[in-house]
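Structural features, examined
Spelled out, the chains give:
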Amino acid sequence: MSDISQKVEQIIREHNLHLCLECGKCSASCPRMLSGKQYSPRLLAQKIIASPEDEGYIESAVWECLTCGLCEERCPSGVRFVDFILRLRSLLAAVKGLKGYRAHDGAVHSWMRIMTAPGLKQNRLEWLTPDLRTTQEGPVAFFVGCAPYFDVFFSGIGVQTLAFARDGLRLMNRLGVDPVVLAEERCCGHDLLWTGDSANFAELSRLNYQAFRQAGVKEIVTACPECFQVWERFVPEVVEGFDLKVTLLLDFVERGMKTSGLRFSPLKTRVTYQDPCRLARMADRVEGPRRLMGMIEGLTLKEMDNSGRSALCCGNSSFINCDAYSKRIQLERLDEARRTKAELLLTACPKCHIHLACALRDPHTLGQPGIELRPLPSLLAERLPAGPEGDPGDNAR
Amino acid sequence: MTPVSILGIACNWSPYACYHAAGRAELALPANFRLMRVMCMGRINQALILKAFEHGADGVILLECVDADCRYGPGPEVGHTNVDRVRRLLRFLGIGQERLVERAFAADGRDELVHAVWDFTRAIEDMGPNPAKPGSAREAS
Ligand code: SF4
Ligand code: SF4
């Protein structure tokens, strides 16, 4: 690694790795390590500082991390481990062409890169149902993400990430906003970014930004925590003069409920909730989703053993290094969910939805009590039926 | 005419036998046609096809055995399911479903295979290059 040692040194410095105490709290909390994988964040931190010549270990370990951020949550010394992983991956991918083992042979990353085509003309809006109101131009946009693609690609396991989009739009409509939905929206680039392909990530960011600006958009609302993270934090890094407001759908709904005076209709049910890492730990959205669930009368939220900022990862990130250990994490998470005796496992993230939907079909779970996986926006939309124009109707009891 | 590039993905058994026979008989195939051999059409997943387009193919022709001739049992079922799904993705991407075709051959289908490849190549040449070709910043490696 000597040829790039200065850059590695810089990454080490910028992410406080020198502050590491070797206490091992990170490894003791890392779900990847606890699942039995030969991987340790503490060891990676130590090796890159003290034995950078151990390239074999470093260059393989860097792809193992789920970037879930639990280690950072526990680290007493302020080591910024997740960003460290991100930057090291980008460097190793750019300089050495390294990449993690791609789940699904890299099909998802392929379509994401295809979307960098300058002449791209997609047919991606066929999922819009007649009741959903959208526009071509306006100040507020709804960013859909790759949901149409995921639902086809993963149709074999009954994935329905488009529910996040349809019900997200439904909620916006009912709260009085008919947002721009662009036919030429491209992938936000999250998975390319986090697997080290920063060039194509930047290309997607620029193209998306231009398209939304051209449509007169000033604010982007998205239901997906990954798209949210990307738009809020990473697009401004690569798009000069970035000036769009970025809003999480759940925040939008919470505000909208307060200002409109609308109410969710009651539902007697017992639910549990999968905190997405990119919301709970990385965007401090622990309470928001819970406040929203709390607005549904009759709904009881039963927390899993690990929840909020301590929530356990859904098992995979950015579709690399999905293996038996990922599955083990997922099965453990499902066990936690089942132990709450909830009827519904709600999630706010399309990716958590995909990974948990996969785990729910695992033969190891045969004979176990069922738990229904449901997007949080879908539950909210179902409880907020449309009233006549301008009349909150039955809802405003 | 703008040059186009065509990728064939051939099952190792009947279609590859046809291709081999065409080579022995010195039957010409289009200069812009390249062949990739897999053991069975069941090995053709969504990634292989998407990757072909990601790396610049303008058309992909899947050269398969007749279903009943498959040596592995579930090959055709798996393959056809994958192809159906990827077709829908190609439509979303604006690449268009007509840039991906499936053709099946018996082991003695040498001439049919040569015809199929020429026909497909001409059709793609008429359509022109794939509009959804990624920009220059393709993945390193
Ligand atoms: S981010 Fe998550 S997976 Fe990665 S080292 Fe930290 S705890 Fe482990
Ligand atoms: S928790 Fe922080 S200080 Fe402790 S070993 Fe891990 S990185 Fe080092």
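Chains are numbered independently. Their residues run from 1 in the order of the written sequence. Here chains are named by letter from A upward and ligands by number from 1 upward, in the order in which they appear as written. Where totals are concerned, whole chains, interfaces and linings use all residues; where local detail is concerned, this predicted model gives features only for residues with pLDDT of at least 70, and gives and counts side-chain atom pairs only at 80 or more. Water and hydrogen atoms play no part in the side-chain values, which are based on all heavy atoms of the structure.

This part is about the interface of chain A and chain B. Between chain A and chain B, the contact holds 32 residues from the first and 26 residues from the second. Of the roughly 2400 Å² buried between chain A and chain B, counting both surfaces, carbon and sulfur atoms make up 55%. What gets called buried area is simply the loss in accessible area from a 1.4 Å probe that two parts show on being joined, summed for both. Sorting the residues of chain A by area buried against chain B places Asp 105, Ile 114 and Val 152 of chain A first, and these three jointly supply 25% of that buried surface. A carboxyl oxygen of Asp or Glu within 4 Å of a side-chain nitrogen of Lys or Arg is what we treat as a salt bridge. The tally of links between chain A and chain B comes to three salt bridges. The residue Arg 113 of chain A makes a salt bridge to Glu 54 of chain B at a minimum N-O spacing of 2.8 Å. In protein, a polar contact requires one atom able to donate a hydrogen and another able to accept it; more generally it is a pair of N or O atoms within 3.5 Å, and residues adjacent in sequence count only if both atoms are side-chain atoms. The tally of links from chain A across to chain B stands at ten residue pairs in polar contact (both at pLDDT 80 or more). Numbering of helices and strands runs from the N terminus, with a helix taken as a DSSP run of H or I at least four residues long and a strand as a DSSP run of E at least two residues long. For the side of chain A that touches chain B, the elements supplying multiple residues, two or more each, are α8 (107-114), α9 (147-153) and α12 (198-214) of chain A. No other element matches α8 of chain A, which puts five residues into the side of chain A that touches chain B. Contacts are residue-level and defined by heavy atoms, with any inter-residue pair within 4.5 Å sufficient.

Right, let's talk about empty space enclosed by the protein for a bit. Any empty space left between the atoms is revealed when a probe the size of a water molecule rolls over them. Residues and elements named next belong to chain A. Here a cavity denotes a set of grid points, spaced 1 Å apart and computed over the protein atoms alone, in which a 1.4 Å probe fits but from which it cannot get out, and a pocket denotes an open set meeting protein on both sides within 12 Å along at least five of seven lines; residues with an atom within 4 Å of a point are reported as lining. Grid points are joined across faces, edges and corners, and a volume is the space filled by probe spheres set on the points. Counted under the stated rule, the structure contains seven cavities of 30 Å³ or more. Counted as a void, the largest cavity has a volume near 200 Å³. Lining the largest cavity are 22 residues, with Gly 145, Cys 146, Phe 150, Cys 224 and Cys 227 sitting closest to its centre. Looking at the lining of the largest cavity, the elements with two or more residues in it are β1 (140-143), α9, α10 (162-174), α11 (190-194), α13 (225-238) and α18 (350-360).

This brings us to the layout of surface pockets. All names here are of chain A. In this structure, the second largest pocket encloses a volume near 280 Å³. Of all the secondary structure elements, the ones that give two or more residues to the lining of the second largest pocket are α6 (70-74), α7 (81-96) and α13. Lys, Arg, Asp and Glu make up the charged group, whereas Ala, Val, Leu, Ile, Met, Phe, Trp, Tyr, Cys and Pro make up the nonpolar group; the residues left over, Gly among them, are polar. Split by residue class, the lining of the second largest pocket holds five nonpolar, two polar and nine charged.

Attention shifts here to the site of ligand 1. One heavy atom within 4 Å of a molecule or strand is enough for the residue carrying it to be called near that molecule or strand. Residues in contact with ligand 1, as listed here, are Cys 30, Pro 31, Tyr 39, Pro 41, Cys 65, Leu 66, Thr 67, Cys 68, Gly 69, Cys 71, Phe 81 and Val 82 of chain A. A class-by-class count of the residues in the shell around ligand 1 yields ten nonpolar, two polar and no charged.

Once that is clear, we can look at the confidence of the model for chain B. Each residue carries a pLDDT score, the predictor's confidence in it, ranging from 0 to 100. Residues of chain B with pLDDT of at least 70 account for 95%, and the chain-wide mean is 93. Both scores are available for the predicted complex, with the pTM at 0.94 and the ipTM at 0.93.

Next up on the list: the pattern of salt bridges. Residue and element names in this part refer to chain A. Within the structure shown, the criterion is met by 40 salt bridges over all chains. For the salt bridge of Glu 237 with Arg 87, the shortest nitrogen-to-oxygen distance reads 3.4 Å. You can see Glu 237 sitting in helix α13 and its partner Arg 87 sitting in helix α7, a full 150 residues away along the chain. Only protein chains enter the accessibility calculation, which uses a 1.4 Å probe; a residue whose area is less than 20% of its type maximum is buried, one above 50% is exposed, and one in between is partly exposed. Here Arg 87 falls in the partly exposed class, since its relative accessible area comes to 25%. The partner of Arg 170 in a salt bridge is Asp 167, and the shortest N-O contact between them spans 2.8 Å. Placement of the pair is Arg 170 and Asp 167 together in helix α10, with a separation of three residues, close to one helical turn. Given the relative accessible area of 19%, Arg 170 is considered buried.

Let's shift gears to the packing of aromatic side chains. Residue and element names in this part refer to chain A. Paired rings are identified among Phe, Tyr and Trp, the last through its six-membered ring, by centres lying within 6.5 Å, and are further divided according to the angle between planes into stacked (under 30 degrees), edge-to-face (over 60) and tilted (the rest). As enumerated under the stated definition, the model contains 16 aromatic pairs over all chains in all. Judged by centre distance (5.9 Å) and plane angle (50 degrees), the ring pair of Phe 143 and Phe 212 falls under tilted. In this pair, Phe 143 is assigned in strand β1 and Phe 212 in helix α12, connecting sequence segments 69 residues apart. Assessed through its relative accessible area of 0%, Phe 143 is described here as buried. Take Phe 212: its relative accessible area is 0%, and that puts it in the buried class. Aromatic side chains Trp 231 and Phe 242 sit 6.1 Å apart centroid to centroid with 35 degrees between the ring planes, which places their arrangement in the tilted category. One end of the pair, Trp 231, is in helix α13; the other, Phe 242, is in the loop between α13 and β3 (245-248), and eleven residues separate them in sequence. You can call Trp 231 buried: its relative accessible area is 1%.

Moving on to helix α4 (residues 41-50) of chain A. All names here are of chain A. What α4 keeps buried is the set Pro 41, Leu 44, Ala 45, Lys 47 and Ile 48. When α4 is viewed along its axis, its buried side chains cluster within an angular range of 165 degrees and face the same direction. Where α4 is buried, its residues meet α1 (5-14), α2 (25-29), α5 (55-61) and α7. What the arc measures is the spread of directions leading from the helix axis to the C-beta atoms.

On to the environment of Asp 131 of chain A, then. Residues and elements named next belong to chain A. For Asp 131, the location among the structural elements is in the loop between α8 and β1. Taking the C-alpha atoms as reference points, Asp 131 and Asn 173, 42 residues apart in sequence, are found 9.5 Å from one another. Aside from chain neighbours lying at most four places away, what touches Asp 131 is Arg 170 and Asn 173. Here the side chain of Asp 131 touches Thr 129 through a polar contact of 2.6 Å, side chain to side chain. Looking at Asp 131, its side chain comes within polar contact range of the side chain of Arg 170, at 3.2 Å.

Let us look at the packing of helix α1 (residues 14-24) of chain B against helix α4 (residues 110-127) of chain B. Residues and elements named next belong to chain B. For helices, the fitted axis covers only the stretch in contact; all axes are lines through C-alpha atoms, and the angles between them, taken along N-to-C directions, range from 0 to 180 degrees. Contact geometry for α1 and α4: axes closest at 8 Å, N-to-C directions at 90 degrees. The pairing of α1 with α4 is recorded here as roughly perpendicular in orientation. Contact residues: α1 offers Pro 15, Cys 18, Tyr 19, Ala 21 and Ala 22, while α4 offers Arg 110, Leu 113 and Val 114. Across the contact of α1 with α4, the residue classes tally to seven nonpolar, no polar and one charged. Note that the term roughly parallel is reserved for angles under 35 degrees, roughly antiparallel for angles over 145, roughly perpendicular for angles of 65 to 115, and oblique for everything else.

This part covers unusual backbone geometry. A positive phi angle, near 55 degrees, is found at Asn 321 of chain A, a position not held by glycine. You can see Asn 321 of chain A is positioned in the loop between β5 (299-301) and α17 (324-339). Look at Glu 26 of chain B: it is not a glycine, yet its phi comes out positive at around 55 degrees. Take Glu 26 of chain B: it is sitting in the loop between α1 and β2 (33-38).

So, on to the domain arrangement of chain A. Much of the literature gives interface size as the accessible area that the parts lose upon coming together. All names here are of chain A. If you check the domain split of chain A, you get domain 1 (3-96), domain 2 (104-257) and domain 3 (263-383). What marks off one domain from the next here is an automatic or database domain assignment. Taking only C-alpha atoms, the centre of domain 2 and the centre of domain 3 are 22 Å apart. Contact residues are listed per partner, giving 34 residues for domain 2 and 33 residues for domain 3. When the buried area of domain 2 at its contact with domain 3 is split by residue, Phe 164, Leu 250 and Glu 254 rank highest and sum to 23% of it. Here domain 2 is connected to domain 3 by four salt bridges. For the pair domain 2 and domain 3, the number of links is ten residue pairs in polar contact (both at pLDDT 80 or more). Element by element, the count of residues in the side of domain 2 that touches domain 3 is highest for α10, at seven residues. Taken together, the residues of the side of domain 2 that touches domain 3 sort by class into 18 nonpolar, nine polar and seven charged.

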